[in-house]
Amino acid sequence: MPARTCRLAAHPAIVWLISRHSVGALWYAPRVTPTTAARTVEAPRHSALVRVTHWLTVLCVFALLLSGAEIIVSHPRFYWGETGNVNIPPLFTIPIPSSRRTVPTGYSYVMPDQNGWSRSLHFQTAWLLVFTGLAYGAAGLWSGHIKNDLLPTPAQRRWPAYRDRILRYLRRSPPDPAEELSYNVLQRTAYLAVIFLLFPLLIWTGLALSPSFDSAFPATVHLLGGRQSARTLHFFLSAALILFVIAHVTMVALSGFRSRMRAIVTGRALPTEKRP
Amino acid sequence: MKTLSRRKLITTGLSAAAGFTGLAVASRLSSRYGLIPPDSAGFYGPGETLTYAAQRLLTTHSLAREFSRGSISTMPFANEVPPLGADFKLHQAAGFSEWRLTVDGMVARPLSLSLSDLRHLSVRSQITEVACEEGWSYIAEWIGTPLIDVLLEAGILPQARYLVYFSIDRDWWESIDMADALHPQTLLTWGMNNGDLPVPFGGPLRMRLPRQLGYKSLKYIHHLTATDSLKRFGQGLGSAEPEAGYSWFAGI
């Protein structure tokens with residue numbers, strides 16, 4: 001392309017507008033030039049992509065777990081196979097009262113019905129999460145975030161690397177200085193598993209509960225062993241997600257809640273040795 | 001200050017253009033092809049609209065799963081129904097011989113059909129699953145008259161966009177778009193598992209839509225109206241369910 005076609009775009013005003021000193025700041029990873037780095041103690045840690053999609057995901061997961069729990073209250077029984085109802089023995093029951101009189105729970109009272117808004121919130125948030133995930137996946141592939149930050153490095157792709165990192169956690173050893181600026185092998189594996197295994201499986205088992213979607217793509221539910229199996233799997237996958245959230249927040253708290261929160265909000269982190 | 005790279009400029013420009021084009025095309029398509037549900041206003045409107053539009057683009061002509069005779073549930077669950085009024089009790093005492101299904105609105109020939117008229121119009125049976133929004137389900141064989149045959153008999157007009165259907169219980173009414181109304185599996189059901197449809201399961205006449213959750217399969221149907229707008233019915237949200245906070249489109 002000849003240089004002059006870009007003359008308008010290269011106009012200082014436009015360059016400033018899209019640069020990271022203005023609106024563009026939203027899209028660039030914080031980058032510290034060498035001269036500034038000497039003066040500041042902070043180092044870049046999370047790109048804007050990671051920060052924005054992280055907090056959207058937090059919002060979505062919170063709303064999905066809340067509304068999902070509310071939906072379970074209307075039928076806290078789980079089955080295996082295609083069909084299941086109060087006339088059929090359940091696989092297991094959650095020992096909570098129900099919002100339906102027809103469900104035998106052993107409790108003498110019935111909870112208020114909250115399924116209307118719970119279902120609407122569940123599906124609207126699921127859409128937001130899908131869009132967030134698609135944006136994250138596309139931008140993460142494009143920018144190299146997934147390849148560079150999440151895929152274990154060649155040196156890490158060995159069982160001893162996992163064993164060593166687990167032992168370090170068990171011994172409560174301080175993190176390696178390199179880990180200030182990049183994830184260790186357990187973090188990489190956990191994040192990859194949640195993003196590319198757990199969330200897709202949650203979406204799959206959720207879609208399998210849609211009678212219309214199943215009519216067009218019946219394999220969605222058949223491969224899972226039927227409608228009730230899909231519902232039960234959806235529940236267990238949500239439980240796995242809760243376990244991840246607990247572990248994630250615990251690790252954040254153990255490694256310095258304030259500095260880690262600062263990193264995921266502002267994108268910058270204090271290196272350990274300089275931390276007050 | 002870092003200068004803007006050409007690649008970044010082209011990428012940003014192309015994605016912005018694609019975004020705006022996508023939005024324009026989506027809004028044009030949705031208004032032309034009826035991808036906006038009647039309950040699209042309010043906080044959950046975007047979710048309802050995305051779900052309904054996606055289903056109409058993906059699954060308008062798909063057929064619900066049908067099952068083998070061996071998978072019919074031996075222990076189906078009818079769910080509780082509100083107490084039925086004196087009118088219904090009289091019909092029940094008379095063996096539903098006086099039960100009429102009236103069809104009016106945007107049709108060339110309004111109809112009033114007895115159950116026997118329906119049986120003589122056409123018969124279809126299908127083994128499909130009832131899935132309740134609460135999470136439970138069962139499979140049964142449903143025998144009835146396809147709604148499309150009743151609508152063709154009444155001469156449904158091309159400007160009809162929705163079919164509203166009413167239970168004898170006045171609080172209970174629903175509506176569906178033409179994709180569902182003309183769908184071959186949408187059944188005015190009067191038989192179940194080789195017998196008459198039992199009252200707890202919706203007898204004498206139940207609308208069955210196997211591609212949507214159970215609450216769209218309204219029990220005790222006695223009146224159908226074809227219309228081009230849902231604004232005149234109730235609060236204008238399409239059915240009684242959105243007025244209680246539930247989605248109008250229940251195909252999820």
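Residues numbered from 1 in each chain as written. Chains lettered and ligands numbered in written order. Predicted model: local features only at pLDDT ≥ 70, side-chain atom pairs only at ≥ 80, totals over all residues.

Another aspect to go through is the overall build of chain A. A tally of regular secondary structure across chain A gives eleven helices and four strands. Evaluated residue by residue, chain A yields a buried proportion of 26% over its 276 residues. When contacts within chain A are restricted to residue pairs at least 6 apart in sequence, long-range pairs at least 24 apart make up 62% of them. (Helix = DSSP H or I, 4+ residues; strand = E, 2+ residues; numbered from the N terminus. Buried ≥ 20, exposed ≤ 12 C-beta atoms within 10 Å, placed from the backbone. Contact = placed C-beta atoms within 7 Å.)

What follows concerns the sheet that holds strand β1 (residues 100-105) of chain B. All names here are of chain B. Reading across from one edge, β2-β1-β10-β5-β6 is the order of the five strands in this open sheet, with mixed pairing throughout. The sheet terminates laterally at β2 (111-114) and β6 (173-177), the two strands that pair on one side only. Averaged over all pairs of adjacent strands, the angle between strand axes in this sheet comes to 20°, irrespective of strand direction. (Pairing = 2+ DSSP bridges. Axes fitted to C-alpha atoms, helices over the stretch in contact; angles between N-to-C directions.)

Before going further, it helps to spend a moment on the interface of chain A and chain B. Listed by partner, the interface residues are 41 residues for chain A and 44 residues for chain B. Every element with two or more residues in the side of chain A that touches chain B is listed here: α1 (12-18), α4 (115-143), α8 (211-216) and α10 (227-254) of chain A. If one sorts the elements of the side of chain A that touches chain B by residue count, α4 of chain A sits on top with nine residues. By residue class, the composition of the side of chain A that touches chain B is 17 nonpolar, 17 polar and seven charged. (Nonpolar A, V, L, I, M, F, W, Y, C, P; charged D, E, K, R; others polar.)

So, about unusual backbone geometry. Trans is the common state for peptide bonds, and a negative phi is the common state for residues other than glycine. Residue and element names in this part refer to chain B. The omega torsion of the bond from Gly-203 to Pro-204 falls at 15°, within 30 degrees of zero and hence cis. Assignment of secondary structure puts Pro-204 in the loop between β8 (195-196) and β9 (206-208). One non-glycine residue, Asn-79, lies in the positive phi region at around 70°. You will see that Tyr-220, though not glycine, has its phi angle at about 60°, which is positive. Looking at where Tyr-220 falls in the secondary structure, it is placed in the loop between β9 and β10 (221-227). Using a count of 21 C-beta atoms within 10 Å as the deciding quantity, one classes Tyr-220 as buried.

Residues and elements named next belong to chain A. α10 packs onto helix α7 (residues 185-207) with a crossing angle of 155° between their chain directions and a minimal axis gap of 9 Å. One finds that α7 runs roughly antiparallel with respect to α10. In this structure, the crossing between α7 and α10 has a hand that is left-handed. Packed against α7, whose contacting residues are Ala-190, Val-194, Leu-198, Leu-201, Leu-202, Thr-205 and Gly-206, the element α10 presents Ala-230, Leu-233, His-234, Leu-237, Ser-238, Ala-240, Leu-241 and Phe-244 at the interface. When its residues are assigned to classes, the contact of α7 with α10 shows eleven nonpolar, four polar and no charged. (Parallel < 35°, antiparallel > 145°, perpendicular 65-115°, else oblique. Left-handed = near helix turned anticlockwise from the far one by under 90°.)

All right, on to helix α3 (residues 86-93) of chain B then. Counting buried positions over the eight residues of α3 of chain B gives zero, only a small fraction of the element. Positive phi appears at Gly-95 of chain B, one or two residues downstream of α3 of chain B, with a value of about 65°.

What follows is about the nonpolar core. In terms of nonpolar packing, the biggest core is built from 70 residues, with Leu-101, Leu-163, Tyr-165, Leu-188, Leu-205 and Ile-221 of chain B touching the most fellow members. Excluding residues within four positions of it along the chain, Leu-205 of chain B makes contact with Trp-99, Leu-101, Leu-115, Leu-188, Trp-190, Tyr-220 and Ile-221 of chain B. (Core = buried A, V, L, I, M, F, W, Y, C linked by C-beta atoms within 7 Å.)

Residue and element names in this part refer to chain A. The topology assignment puts Leu-66 in helix α3 (residues 48-73). For Leu-66, a count of 14 C-beta atoms within 10 Å gives the class partly exposed. Residues Leu-66 and His-122, 56 residues apart in the sequence, show an inter-C-alpha distance of 8.6 Å.

What follows concerns the pairing of strand β7 (residues 187-192) of chain B. Residues and elements named next belong to chain B. Within β7, five of the six residues are buried, which leaves it mostly tucked inside the rest of the structure. When strand β4 (residues 137-146) meets β7, the two strands line up antiparallel, connected through five bridges. Paired with Pro-146 across the two strands is Leu-187, which belongs to β7. Alignment of β7 against β8, held across two bridges, turns out to be antiparallel. Bridge pairing in β8 links Gly-191 to Asp-196. Where β7 folds back on β8, the antiparallel hairpin that results is connected by two residues, among which Asn-193 adopts a positive phi of roughly 50°.

Turning our eyes to something else, we now look at the pairing of β2 of chain B. Residues and elements named next belong to chain B. Summarising the sheet, β1 and β2 pair through four bridges and their orientation is antiparallel. The residue bridging Leu-101 from the neighbouring strand is Leu-113, located in β2. The hairpin turn running from β1 into β2, its antiparallel successor, is five residues long.

Between the first and last C-alpha of α10 of chain A there are 41 Å, a value that for 28 residues agrees with the 40 Å anticipated at 1.5 Å per step. Of the positions making up α10 of chain A, those classed as buried are Arg-227, Gln-228, Ser-229, Ala-230, Arg-231, Thr-232, Leu-233, His-234, Leu-237 and Ser-238 of chain A. Buried positions along α10 of chain A lie against α3, β2 (77-78), α7 and α9 (219-222) of chain A together with β3 (124-131) and β4 of chain B. Of the residues one or two after α10 of chain A, Gly-256 of chain A is the one with positive phi, at around 110°. (Expected span 1.5 Å × (residues − 1).)

Below, the discussion takes up the confidence of the model for chain B. Mean pLDDT over chain B works out to 94, with 99% of the residues at or above the 70 mark. Scored by ipTM, the complex comes to 0.89, with pTM at 0.86. (pLDDT = per-residue confidence, 0-100.)

On to the environment of Trp-142 of chain B. All names here are of chain B. Locating Trp-142 in the fold gives a position in strand β4. Taking the C-beta count within 10 Å as the criterion, Trp-142 has 25 such neighbours and is therefore assigned buried. As a C-alpha pair, Trp-142 and Ala-54 span 88 residues in sequence and 28 Å in three-dimensional space.

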